[in-house]
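# Summary of the model geometry
Below are the chains, spelled out letter by letter.
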Amino acid sequence: MKLPVAELHIHLEGTLEPEAILRLAEQNDIKLPWPSLEHLREQYEFSNLQSFLDLFYTNLAVLRTRADFHEITLAYLRRSDAAGVRHVELFFDPQAHQERGIELGEVIGGIRAGLKEGEERFGITHKLIACFWRHAPAESAMEILRTLVAEGHDVDGIGLDSSELGYPPILFQDVFAYARANGMHVVAHAGEEGPPEYIIQALDLLKVKRIDHGIRCLEDDALVQRLVKERMPLTVCPLSNVRLRTVNTMADHPLKTMLDRGLNVSIHSDDPAYFGGYLDANFEAVKRELGLSTSEQATLAKNSIESSFLDEAGKSSLTAQVDEWLAAEGQDR
Ligand code: ADE
Ligand code: ZN
């Protein structure tokens, strides 16, 4: 039995594998700067978040049609089923597609069709979260958000992603207030490369229910205490942090420290096609390099379920599956 988990920090566009990028480029007649798979693979060496985002935004240009979005969503779910994912809250970047002239309805329709087929085939339940770019003006986010609401697009929540340094959450206060007023769930990337102050702003000004990454909270003791007290979820992405050099090596990753300090952390794959693996690879890496016990792994899985936007019945049923896994591993709870 695979450890059942909820994947809460996963960018759809970050699941585009190199082979799929070249196939879709050919199919959709898109010219990419890399003449071969070998050249493309040579680009996957990152020095920081921006160096990765430059490649990520170039490659996602191969996505053009509703069928493309459907296909890559289903491919992600097939791979994640094998990794033990039972529920997913999937991010996508609406601005990345709208600025290329692709209708929001095509993007969301294709993703939703993929999510529906994935639930039928693999039993993976889902939510969909539109992430706004912090490097773009808040007016652009607001305009898209108003359209999503006015046209009744099927989106469960909003997030905030892209280049972090220099783009504090305060810039998006009105956008998040509008989303909350319209009953949407709200999350934000903060404390990946940015300082603890950005986490505090995301909590106080955006009133988010989860912090994506959040690892730099450890630099501020009072903030750690607050996050523990509020049981604020932090969706940590170990392989991503190593590949984007926010931590030096997996052995230096603060995940275990975060668990030991009582933070509500869970682990996720972020952009698995870029960072060396899906959720199972993230679990394997932290087990191997940080020596996480079976009960610590179960805690990470239970935290992911508790931190999801599932209803209480959905959470209880998945949590019971984690207990079954623990029993099968021969451990006490
Ligand atoms: N977009 C895709 N992956 C991201 C990450 N790790 N941080 C910020 N924006 C992203
Ligand atoms: Zn992310």
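Residues numbered from 1 in each chain as written. Chains lettered and ligands numbered in written order. Predicted model: local features only at pLDDT ≥ 70, side-chain atom pairs only at ≥ 80, totals over all residues. Heavy atoms only, no water.

### Looking at the overall build of the protein chain
Put simply, the test is: Per the convention used, a helix needs a DSSP run of H or I reaching at least four residues, while a strand needs a run of E reaching at least two, with both numbered from the N terminus. Each radius of gyration reported is based on C-alpha atoms, and the globular scaling rule is 2.2 Å times the count of residues to the power 0.38. Classification of residues uses two cut-offs on accessible area relative to the type maximum, computed with a 1.4 Å probe and protein chains only: under 20% is buried, over 50% is exposed, and between them is partly exposed. Should any heavy atoms of two residues lie within 4.5 Å, those residues are counted as being in contact. Accessibility throughout is a Shrake-Rupley quantity obtained with a 1.4 Å probe, and a residue counts as covered only by protein chains that appear here. Only four residue types enter the charge count: Lys and Arg as positive, Asp and Glu as negative, with His and the chain ends excluded. Lysine's charge is taken at NZ, arginine's at CZ, aspartate's at CG and glutamate's at CD.
Of the regular secondary structure elements, the protein chain holds 16 helices and 8 strands. Computed over its C-alpha atoms, the radius of gyration of the protein chain comes to 19 Å, within 12% of the 20 Å expected for a compact globule of 333 residues. Taken along the three principal axes of its C-alpha coordinates, the protein chain extends 55 × 40 × 40 Å. Across the 333 residues that make up the protein chain, the buried fraction comes to 58%. In the protein chain, the share of contacts with a sequence separation of at least 24, taken over all contacts with a separation of at least 6, comes to 75%. Total accessible area computed for the protein chain in this model is approximately 13,200 Å², and 47% of it derives from carbon and sulfur atoms. Across the protein chain, the 33 positively charged side chains and the 53 negatively charged ones have centroids separated by 3 Å.

### Considering unusual backbone geometry
Within the chain, K207 stands out as a residue other than glycine whose phi angle is a positive 55 degrees. Residue classification places K207 among the partly exposed residues on the basis of a relative accessible area of 43%. You will see that R245, though not glycine, has its phi angle at about 60 degrees, which is positive. The topology assignment puts R245 in the loop between α11 (238–243) and α12 (255–260).

### Considerations on the site of ligand 1
What counts here: Put simply, a residue is near a molecule or strand once any heavy atom of it comes within 4 Å of that molecule or strand. Counting of polar contacts relies on pairs of N or O atoms within 3.5 Å, with two restrictions inside protein: one atom must be capable of donating a hydrogen and the other of accepting it, and residues adjacent in sequence are counted only when both atoms are side-chain atoms. The nonpolar class holds Ala, Val, Leu, Ile, Met, Phe, Trp, Tyr, Cys and Pro. Asp, Glu, Lys and Arg form the charged class, and all remaining residues, Gly among them, are polar.
Near ligand 1 you find H11, L49, F52, L53, F56, D161, S162, H189, E192, H213, D270 and D271, and these make up its full shell. One nitrogen or oxygen atom from the side chain of E192 is found 2.8 Å from a nitrogen atom belonging to ligand 1. Take D270: an N or O atom from its side chain is 2.7 Å from a nitrogen atom of ligand 1. Contact with the protein chains removes 100% of the 260 Å² of surface that ligand 1 exposes when unbound. Here the shell around ligand 1 takes 4 residues from helix α3 (residues 49–59), the largest share from any one element. Its residues placed into classes, the shell around ligand 1 shows 4 nonpolar, 4 polar and 4 charged.

### Quick notes on the environment of F309
Counting through the fold element by element, F309 comes out in the loop between α15 (294–306) and α16 (312–328). Its relative accessible area of 14% is what places F309 among the buried residues. Here the alpha-carbon distance between F309 and R210, two residues 99 residues apart in the chain, equals 10 Å. Dropping the residues within four chain positions of it, F309 is found in contact with E89, K127, I129, H185, V187, K209 and R210.

### Remarks on the coordination of the zinc ion (ligand 2)
For clarity, the threshold we go by: Distances up to 2.8 Å from the metal define which N, O and S atoms are donors, and 3.2 Å serves for Na, K and Ca; water is absent from the atom set, so sites may look incomplete. All geometry calls rest on donor angles, where a four-donor set with angles between 85 and 135 degrees is tetrahedral, four- and six-donor sets with opposite donors more than 155 degrees apart and all others between 65 and 115 are square planar and octahedral, and all else is irregular.
Distances from the zinc ion (ligand 2) to its protein donors, H9 (NE2), H11 (NE2), H189 (NE2) and D270 (OD), fall at 2.1 to 2.3 Å. Note that the zinc ion (ligand 2) binds 4 donor atoms; their angles at the metal cover 84 to 174 degrees, and the shape is irregular. Along the chain, the residues donating to the zinc ion (ligand 2) are arranged with the sequence spacing H-x1-H-x177-H-x80-D.

### Quick notes on the packing of helix α4 (residues 66–83) against helix α6 (residues 104–122)
We count it as follows: Lines fitted to the C-alpha atoms define the axes, with helices restricted to the stretch that makes contact. Angles between their N-to-C directions range from 0 to 180 degrees. Two helices crossing with the near one rotated counterclockwise from the far one by less than a right angle form a left-handed crossing, whereas a clockwise rotation gives a right-handed crossing.
Relative to each other, α4 and α6 sit at 30 degrees, their axes nearing to 7 Å. Considering only the axes of α4 and α6, their crossing is right-handed. A breakdown of the residues in the contact of α4 with α6 according to their chemical character gives 8 nonpolar, 7 polar and 6 charged.

### Notes on the pairing of strand β3 (residues 125–133)
Using the following cut-off: If DSSP finds at least two bridges between two strands, the strands pair. With its strands directed away from the observer, a crossover is right-handed exactly when the path from the first strand over the helix to the second travels clockwise.
Within β3, 7 of the 9 residues are buried, which leaves it mostly tucked inside the rest of the structure. Sheet topology note: the strand β2 (residues 85–92)/β3 ladder contains 6 bridges and is parallel. Bridged to V88 within β3 is H126. After leaving β3, the chain enters helix α7 (residues 138–150) and then returns to the sheet as strand β4 (residues 157–161), a path that is right-handed.

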